[in-house]
Amino acid sequence: MHPMNKLSAVALLTLTLSGCAGVAFMGRPVIGTTSLYASTSAREFINEQARLGNKSAEGCVMSILGIVTTGDATASDAARKANITRITHVDHKFENILGIYAKYCVTVFGD
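(A) Representation of the overall build of the protein in the model. Counting its regular elements, the protein contains two helices and five strands. Along the chain direction, N to C, the helices and strands of the protein fall in the order α-β-β-β-α-β-β. Partitioning the contacts of the protein with sequence separation of at least 6, the portion at a separation of at least 24 is 68%. Total accessible area on the protein is roughly 6800 Å²; 60% of this is exposed by carbon and sulfur atoms.

(B) How the structure looks around the pairing of strand β5 (residues 101–110). Counted residue by residue, β5 has eight buried out of 10 residues, so it is predominantly covered. Of the strand pairs in this sheet, strand β2 (residues 55–64) and β5 are connected by 10 bridges, and their pairing is antiparallel. Bridging across to β5, Met62 finds its partner in Lys103. Where strand β4 (residues 87–97) and β5 come together, 10 bridges link them in antiparallel fashion. Bridging from a neighbouring strand, His89 pairs with Phe109 of β5. As consecutive antiparallel partners, β4 and β5 are separated by three residues, and within that stretch Leu98 has a phi angle of approximately 55°, a positive value.

(C) Main features of the environment of Gly53. Topologically, Gly53 is positioned in the loop between β1 (37–45) and β2. For Gly53, a relative accessible area of 24% translates into the label partly exposed. Placed 55 residues apart in sequence, Gly53 and Val108 show a C-alpha to C-alpha distance of 9.3 Å. Discounting chain neighbours no more than four positions away, the residues touching Gly53 are Thr88, Gly110 and Asp111.

(D) The arrangement of the pairing of β2 in detail. Judged from the four bridges that link them, β2 and strand β3 (residues 68–71) form a sheet pairing that is antiparallel. Among the inter-strand pairings, Val61 is bridged to a residue of β3, identified as Gly71. Counting the residues between successive antiparallel strands, the hairpin from β2 to β3 contains three residues, one of them, Leu65, with a positive phi of roughly 55°.

(E) Structural context of the pattern of salt bridges. Within the structure shown, the criterion is met by three salt bridges. In this structure, Lys93 and Glu58 form a salt bridge, with 2.9 Å as the shortest nitrogen-oxygen distance. Of the two residues, Lys93 is situated in strand β4 and Glu58 in strand β2; the sequence distance between them amounts to 35 residues. By relative accessible area, which is 40% here, Lys93 ends up partly exposed. Between Arg86 and Asp111 there is a salt bridge, and its shortest N-O distance comes to 3.8 Å.

(F) Here's a closer look at the state of the cysteines. All chains considered together, the criterion is met by one disulfide. With its sulfur 2.1 Å from that of its partner, Cys60 forms a disulfide with Cys105. An S-S torsion of about 110° defines the bridge between Cys60 and Cys105 as right-handed. Placement of Cys60 in strand β2 and of Cys105 in strand β5 is noted, with a sequence separation of 45 residues between them.

Definitions and limits used
- Residues numbered from 1 in each chain as written.
- Predicted model: local features only at pLDDT ≥ 70, side-chain atom pairs only at ≥ 80, totals over all residues.
- Heavy atoms only, no water.
- Helix = DSSP H or I, 4+ residues; strand = E, 2+ residues; numbered from the N terminus.
- Contact = heavy atoms within 4.5 Å.
- Areas by Shrake-Rupley, 256 points an atom, 1.4 Å probe, with all protein chains shown as cover.
- Buried < 20%, exposed > 50% of the residue type's maximum accessible area, 1.4 Å probe, protein only.
- Pairing = 2+ DSSP bridges.
- Salt bridge = Lys/Arg side-chain N within 4 Å of Asp/Glu carboxyl O.
- Disulfide = S-S within 2.5 Å.

Shown next as structure tokens:
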């Protein structure tokens, strides 16, 4: 195979696979789900007048190529882990590496 064809094939494969793992988290309040590399976070205010809270807990979901996705990133499950009965804030984090590996986490704060 001609070297230029190999380069074209690698470029096409990279573009095709980039973001595949991140597709599992489309619609979440984070940016970069389909980029080659992303490490982003977002805050979702539940009660803007409330303080952050004394407790926090995190739940995560991991995806490989958007084909295998495991974990629990629900705010309610994370709150249950830390015995939080009143959620004041929710933070979201997203990481995507070449569309091969992606991780989405939710962190809840409250009392």
